[in-house]
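# Overview (structure and organization)
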Amino acid sequence: MTGRLSGVGVGPGDPELITLKAARLIGAAQVIAYHQGVGKQSNARRIAAGLFPDDVIEEALVYPVTTQSTEHPGGYAGAMADFYAEAAERLRAHLRAGRDVVVLAEGDPMLYGSFMYLHDRLAGEFDTQVVAGVPAFAAATATTALPLVRQTDVLTVLPGTLPEPELARRLADTDGAVIMKLGRTFTKVRSALEQAGRVEGSWYVERASMTAERVLPVADVDPATVPYFSIVLVPGDTRPGVARYDLPATRVTEPYPGAEVVVVGLGPGPDRWLSPEASQVLAEAGHVVGYGPYVQRVAKRPGLVRHASGNTVELERARQALDLAVAGERVAVVSGGDAGVFGMASAVFEAGVDNPLLSVSPSVSYPGSPPSRRSRRARARRSGPISR
């Protein structure tokens, strides 16, 4: 008979957030393993120590390298691969001897957890189970009492170790976001948030649910004080220009300066056929709304939020654009060819007829054709109530 391997999430730090199942397995374990850095104590062990059986065998799995350099010929990846192979062999000996092994994991074992690398090496040989744990970002949202995402919002979980341009792009394209793995990456993360226009409303949570917990607006954080065990929350409600149908409506009695919706024809394809007016509108817009392939033709830049959707939801797109403008945003609704020739102009005007924020920028409708000569509605910037 061989033992059973259990990867057990112990939650973000507060021992009371350990699940009942995790507590039961820890209390009955014959062997408990946990990861820790050189010269450091294991956070996972500290969280669960009150549940350890008196006669349990402990296996401290000490990382050979964390943020420091290594002389391993395979570099960091090679050093870690050898470490996980050696750690798996230590646990394999216990399992073959018939002892049940519990591997502790901070948060959830399968969310950036070290247990998964042991699971890769041992699950094919032994009976294995994974016990979910409360992830740190769930504890952080509870601490801040911030709704992270609602209804059909998209939540993106990002490691702060991503390159800054990639972080900025993903933050601009999502609704809600969680950024993990901070520490030395915080300065880069905050810069990416600024580029995406997402600093305002974003919160920093350090050591969520622990006694040393600290919560601050991202803009107020000193990068020199940020530890690895910290998280940035970017609620979907704070996305620039977000408008929600399920929240109490705010009636706007005066227009915002510069708020508008311009329906833009992108022409038949080549950038050189895009009109100067259309180029200017796209350069000034804070939001681009449209069918996915057309939205992809608009270059990414800091501060621009791109809203892509499918091919049969023209009215929904139009209403989204109008809601963004009502919230004070400058919006470009894009179409291929000319926006008035089987394009988005008709849908937008249907959704917001007589809205003083609407205008159309025409473009070439197909190769070789002249620009549309139909009359355009001038951009109205007069004062007065904004209607949907």
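None of the values given here were measured: they were computed from a predicted structure.

Conventions adopted
- Residues numbered from 1 in each chain as written.
- Predicted model: local features only at pLDDT ≥ 70, side-chain atom pairs only at ≥ 80, totals over all residues.
- Heavy atoms only, no water.
- Phe/Tyr/Trp six-rings, centres within 6.5 Å; stacked < 30°, edge-to-face > 60°.
- Buried < 20%, exposed > 50% of the residue type's maximum accessible area, 1.4 Å probe, protein only.
- Helix = DSSP H or I, 4+ residues; strand = E, 2+ residues; numbered from the N terminus.
- Pairing = 2+ DSSP bridges.
- Salt bridge = Lys/Arg side-chain N within 4 Å of Asp/Glu carboxyl O.
- Arc of directions from axis to C-beta.
- Contact = heavy atoms within 4.5 Å.
- Axes fitted to C-alpha atoms, helices over the stretch in contact; angles between N-to-C directions.

### A closer look at the packing of aromatic side chains
Per the stated rule, a full pass over the model turns up six aromatic pairs. For the pair Phe83 and Tyr84, a centre-to-centre distance of 5.0 Å together with 55° between the ring planes defines the contact as tilted. Accessibility assignment for this pair places Phe83 and Tyr84 in one class, buried. Measuring from centroid to centroid gives 5.5 Å for Tyr291 and Tyr294, while their planes differ by 80°, and the two rings are edge-to-face. We classify Tyr291 as partly exposed; its relative accessible area is 26%.

### Focus on the pairing of strand β14 (residues 330-335)
For β14, the buried fraction is high: five of the six residues fall into the buried class. One ladder, built from four bridges, connects strand β12 (residues 287-291) with β14; its direction is parallel. Bridge pairing in β14 links His287 to Val331.

### Some points on the pattern of salt bridges
Two side chains carrying opposite charge are able to pair once their charged atoms lie near each other. In the structure shown here, the tally under the stated rule is 14 salt bridges. When salt bridges that share partners are traced, they join Glu89, Arg92, Arg96 and Glu125 into one network.

### With respect to helix α4 (residues 115-122)
Of the positions making up α4, those classed as buried are Phe115, Met116, Leu118 and Leu122. Looking straight down α4, one finds that the buried residues subtend no more than 160° of arc, so they occupy a single side. Turning to α4, the residues buried within the fold contact β1 (5-9), β2 (31-36), β3 (57-62), α3 (75-96), β4 (101-105) and β5 (128-131).

### Some words on the sheet that holds β5
Hydrogen bonds between backbone atoms are what pair the strands of a sheet, whose relative direction is either parallel or antiparallel. Strand order across the open sheet formed by five strands is β3-β2-β4-β1-β5, with parallel pairing between neighbours. Looking at strand neighbours, the two that pair on one side only are β3 and β5, the edges of this open sheet. The average angle at which neighbouring strand axes cross in this sheet is 20°, direction not considered. Contacts from α3 reach β1, β2, β3 and β4 within the one sheet, and its direction differs from that of β3 by about 170°.

### So, unusual backbone geometry
Unlike most non-glycine residues, Arg207 shows phi in positive territory, near 50°. Mapped onto the elements, Arg207 comes out in the loop between β8 (203-206) and β9 (214-217). Taking the relative accessible area as the measure of exposure, Arg207 reaches 28% and is therefore partly exposed. Of note in this structure, Ser209 is not a glycine but carries a positive phi near 75°. Inspection of the secondary structure assignment puts Ser209 in the loop between β8 and β9.

### A closer look at the sheet that holds β9
One open sheet accounts for five strands, arranged β6-β7-β10-β8-β9; its pairing is mixed. Both outer strands of the open sheet, β6 (155-159) and β9, are each paired with one neighbouring strand and no more. The mean angle between the axes of side-by-side strands here comes to 20°, regardless of whether they run parallel or antiparallel. Of the pairings in the sheet, the one linking β8 to strand β10 (residues 230-234) comprises four bridges and is antiparallel in character.

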